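What follows is each chain in one-letter form.
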Amino acid sequence: MNKTYDLFLKYANNNYKRNLTWLDRDPDSPTYGSFDRNFWHYKTSDFNSDILQQGIYTLIALYKKEIPNNYNKNKLKNLIFSSVKFIILSFKENKKFNEYYPNEDGYPPHAFLSNVLGDIFFYFPEFLKLPDFENTYIKINQRLSKRYETKASNQYATALAGLYKFVKNLPQHKDMINIEKHKKILLSLQDKEGWFVEYNGFDLGYLSITLEALTEIYKISLDEDFLNSINSIIDFYYNIIDIDGNFPFTLNSRNTEYVLPFGFLNLEKKNKKLNYLIDKIFSKEEYFSNLIGNDDRYHSHYIFANILKSLNLIKDFSTKENIENTNELYLDSAGLYKKYDKENNITLYIGLKKGGIFRIHNHKNNKILLQNGFRAIKTKKVYTNNFQSKHWNYKLIEKKIICEGSFVKSQFNKSTPIKHFFLRVLSSLFGNKIIDPLKKLLIFNKKSTKLKYRREINIEKNRLKIKDSFFGFQNYKIKLNPKQNLRYVASADIFSEEDLAENIIDFDETIIKEPTYIIENYYEL
């Protein structure tokens, strides 16, 4: 055993009961097997959020005694069966899976539940012999094989992992799944720098989910193309991590604040970089205290499952690698600049595709300092430079970073009964055809044609000089952007220590009167 395993097991023991509270465990209940407590218990929702069925991994970990326990195995198996049956009957009845509203027919629950069922039927092949189970499992994957998701790679990778598991469980149906076509499309979503696209950029949290899926696929297929892709991801993480094992989460395209372990642990042959990352990221208590900040919903159906699947893999891990960390890095496609200043013992990160926001990791006193950009507000109009966009222009000239472009129009969307009424009407009439318009409203915001912005960061010997220029902002109120980003992402906006981190620059909100407004700041390193 080792200390890292002890941390994983402690986390599992502290959380599995909370996770199983989401499960309807009453065999006489019509919703027996549902993992959506809001649906079956609180009655605050009138449909089951199918993606939450991934809570089954908690039951599997108990059944396999990966979480040590003295529970009755037959009772555990009955709960696993009831949860799987709930998935099968849900698809049989609705011909779709829903996550956020009725008749959604969402891609993520379809992808992730195919993946879950692939694992379940491998562990319990006898379930497939039950009435309707095999036929419904075939229909789930037939339909999934006709769908694609090229803006969120982690979802597509998980779907492909589910399809590979389907072929492994039912090889006689291989011809109905066009594996090679999906493989080609998925691998085309990986940039030469190693990251997979997530809403126009890299996202370290969702990339760890993609990594998990790719390792699962590789273990089934032994296809070297997937192994090469995996190694490129490992190189990307290795290049970005700081000397203390921390990442620049605020620069993520989808604003996640976690990296999950299973994909890192799931390869039997680990190189020095991979061993280094496992030790640096997952062997400290701070990692787990950050995970617990994720809300119950996301924690229950994905994050906790990943930890549980890692338990047996981390048990015998003890390798420590003392290899040199990457000191300076400029990734043009990712829009990322990193510099480790050994003399001042700090690491600077700049997000060039998020309007030049930046952060400093001070290794002397273990502090993280943030500059999250600006917001411009006039009446109900809200614009920000802290938004992932391919429209930002940037360049590195010796020790000067320049980022320029336009503020992005954003908004706060308050939930109301009338909005939900119309959402349900539209989803009942048009099904998943309304998903793209909803994404354009909540996720893919448009840049302003009038509000231009330029940031220059001069990296001097013992200080940073920051010059911000605003063009066309007359009568807009300018203020510092908080850590919260205005792009909607389910697993984002968790509370972490960074919510209360020190600002790198101070600025009192002001209403701009001039056509050109310039702010200059200095930060002593």
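Everything that follows concerns the structure shown earlier in this document.
Owing to the predicted nature of the structure, the values given are computational and were not obtained by experimental measurement.

## Digging into the overall build of the chain
Right, so step 1: Of the regular secondary structure elements, the chain holds 16 helices and 15 strands.
Right, so step 2: Relative to a compact globule of 525 residues, whose C-alpha radius of gyration would be 24 Å, the chain shows 24 Å and is just as compact.
Right, so step 3: With respect to the principal axes defined by its C-alpha atoms, the chain has extents near 70 × 55 × 40 Å.
Right, so step 4: Out of the 525 residues belonging to the chain, those deemed buried represent 59%.
Right, so step 5: For the chain, the exposed area adds up to about 23200 Å²; of that, 51% sits on carbon and sulfur atoms.
Right, so step 6: Here the chain contributes 79 positive and 62 negative side-chain charges, whose respective centroids are spaced 4 Å apart.

## Considering the pattern of salt bridges
Right, so step 1: For the structure shown, the criterion picks out 27 salt bridges.
Right, so step 2: A salt bridge links Glu149 to Lys439; the nearest nitrogen and oxygen atoms lie 3.1 Å apart. With a gap of 290 residues between them, Glu149 in the loop between helix 6 (133-144) and helix 7 (153-169) and Lys439 in helix 16 (residues 435-442) connect regions that are remote in the sequence. As far as the burial class goes, Glu149 and Lys439 line up, both buried.
Right, so step 3: Salt bridges here are not isolated pairs; linked through shared partners, they connect Lys400, Glu404, Arg454 and Glu456.

## Concerning the packing of helix 4 (residues 73-94) against helix 5 (residues 107-123)
Right, so step 1: For the pair helix 4 and helix 5, the least separation of the axes is 12 Å and the interaxial angle reads 135 degrees. Taken together, the axes of helix 4 and helix 5 lie oblique to each other. Read as a crossing pair, helix 4 and helix 5 show a hand that is left-handed. Within the contact between the two elements, helix 4 uses Ile80, Val84, Ile87, Ile88 and Phe91 and helix 5 uses His110, Leu113, Leu117, Ile120 and Phe121.
Right, so step 2: Grouping the constituent residues of the contact of helix 4 with helix 5 by class yields nine nonpolar, one polar and no charged.

## Here's the deal with the side chain of Thr256
Right, so step 1: Relative to the assigned elements, Thr256 resides in the loop between helix 10 (224-240) and helix 11 (262-265).
Right, so step 2: A relative accessible area of 0% places Thr256 in the buried class.
Right, so step 3: At 2.5 Å, the side chain of Thr256 forms a polar contact with the side chain of Asp203.
Right, so step 4: Among the polar contacts listed, one links the side chain of Thr256 to the backbone nitrogen of Gly205, at a separation of 3.2 Å.
Right, so step 5: Excluding anything up to four places from it in sequence, Thr256 contacts Asp203, Leu204, Gly205, Tyr206, Phe249 and Ser491.

## Here's the deal with helix 3 (residues 56-63)
An α-helical turn contains 3.6 residues, so any two residues separated by three or four positions project in the same direction.
Right, so step 1: Among the eight residues that make up helix 3, eight are buried, leaving the element largely enclosed by the rest of the structure.
Right, so step 2: Inspection of helix 3 places Ile56, Tyr57, Thr58, Leu59, Ile60, Ala61, Leu62 and Tyr63 among the buried residues, and these make up the whole buried set.
Right, so step 3: The elements touched by buried residues of helix 3 are helix 1 (3-20), helix 4, helix 5 and helix 14 (296-314).
Right, so step 4: Downstream of helix 3 by a residue or two, Lys65 has a phi angle that is positive, lying close to 60 degrees.

## Here we look at the packing of aromatic side chains
Right, so step 1: Under the criterion given, the structure shown has 38 aromatic pairs.
Right, so step 2: When the centroid spacing of 5.2 Å and the interplanar angle of 75 degrees are considered together, the rings of Tyr137 and Phe166 count as edge-to-face. A residue pair is termed long-range when its members are at least 10 positions apart, and Tyr137 in helix 6 and Phe166 in helix 7 qualify at 29 residues. Neither residue differs from the other here; Tyr137 and Phe166 are each classed as buried.
Right, so step 3: Between Phe247 and Phe249, the ring centres sit 6.2 Å apart and the planes meet at 50 degrees, which makes this aromatic pair tilted. Each of the two residues, Phe247 as well as Phe249, counts as buried.
Right, so step 4: Taken together, the ring pairs in this structure connect Phe8, Tyr11, Tyr237, Phe247, Phe249, Phe264, Phe282, Tyr287, Phe288 and Phe304 into an aromatic cluster.
Right, so step 5: Looking at Lys151, its charged tip hangs above the ring of Phe444, at a distance of 5.9 Å from the centre.
Right, so step 6: Directly above the aromatic system of Tyr199 lies the positively charged group of Arg254, at a separation of 4.1 Å from the ring centroid.

## Observations concerning the sheet that holds strand 13 (residues 502-503)
Right, so step 1: Across the sheet, which stays open at both edges, the six strands sit in the order 1-2-3-4-5-13 with mixed pairing between neighbours. At either margin of the open sheet sits one strand with a lone partner, and together these are strand 1 (328-331) and strand 13.
Right, so step 2: Note that strand 1 and strand 2 (residues 336-341) share four bridges and pair antiparallel. Within strand 2, the residue paired with Tyr330 across the bridge is Tyr337.

## Regarding the side chain of Ser469
Right, so step 1: Tracing the chain through its elements places Ser469 in strand 11 (residues 463-471).
Right, so step 2: When its relative accessible area of 5% is taken as the criterion, Ser469 is described as buried.

## Considerations on a positive patch on the surface
Right, so step 1: Judged by side-chain charge, Lys151, Lys381, Lys390, Lys409, Lys440, Lys446 and Lys450 come together as a positively charged surface patch.
Right, so step 2: Mapped onto the secondary structure, Lys390 falls in the loop between strand 7 (381-384) and strand 8 (393-397).
Right, so step 3: Residue classification places Lys390 among the exposed residues on the basis of a relative accessible area of 60%.

## Some details on the environment of Ser448
Right, so step 1: Here Ser448 lies in strand 10 (residues 447-459).
Right, so step 2: Here Ser448 falls in the buried class, since its relative accessible area comes to 8%.
Right, so step 3: Here the alpha-carbon distance between Ser448 and Val408, two residues 40 residues apart in the chain, equals 5.5 Å.
Right, so step 4: Dropping the residues within four chain positions of it, Ser448 is found in contact with Tyr383, Ser406, Phe407, Val408 and Lys409.
Right, so step 5: A distance of 3.0 Å separates the side chain of Ser448 from the backbone nitrogen of Lys450, its partner in a polar contact.
Right, so step 6: Side-chain polar atoms of Ser448 contact the backbone nitrogen of Leu451, separated by 3.0 Å.

Rules behind the numbers
Residues numbered from 1 in each chain as written. Predicted model: local features only at pLDDT ≥ 70, side-chain atom pairs only at ≥ 80, totals over all residues. Heavy atoms only, no water. Helix = DSSP H or I, 4+ residues; strand = E, 2+ residues; numbered from the N terminus. Rg over C-alpha atoms; globule rule 2.2 N^0.38 Å. Buried < 20%, exposed > 50% of the residue type's maximum accessible area, 1.4 Å probe, protein only. Areas by Shrake-Rupley, 256 points an atom, 1.4 Å probe, with all protein chains shown as cover. Lys, Arg positive; Asp, Glu negative; His and termini not counted. Charge placed at Lys NZ, Arg CZ, Asp CG, Glu CD. Salt bridge = Lys/Arg side-chain N within 4 Å of Asp/Glu carboxyl O. Axes fitted to C-alpha atoms, helices over the stretch in contact; angles between N-to-C directions. Parallel < 35°, antiparallel > 145°, perpendicular 65-115°, else oblique. Left-handed = near helix turned anticlockwise from the far one by under 90°. Contact = heavy atoms within 4.5 Å. Nonpolar A, V, L, I, M, F, W, Y, C, P; charged D, E, K, R; others polar. Polar contact = N/O pair within 3.5 Å; in protein donor to acceptor, adjacent residues only side chain to side chain. Phe/Tyr/Trp six-rings, centres within 6.5 Å; stacked < 30°, edge-to-face > 60°. Lys NZ or Arg CZ within 6 Å of the ring centre and 35° of its normal. Pairing = 2+ DSSP bridges. Patch = residues over 30% accessible without salt bridge, like charges linked within 9 Å, V, L, I, M, F, W, Y side chains within 5 Å.

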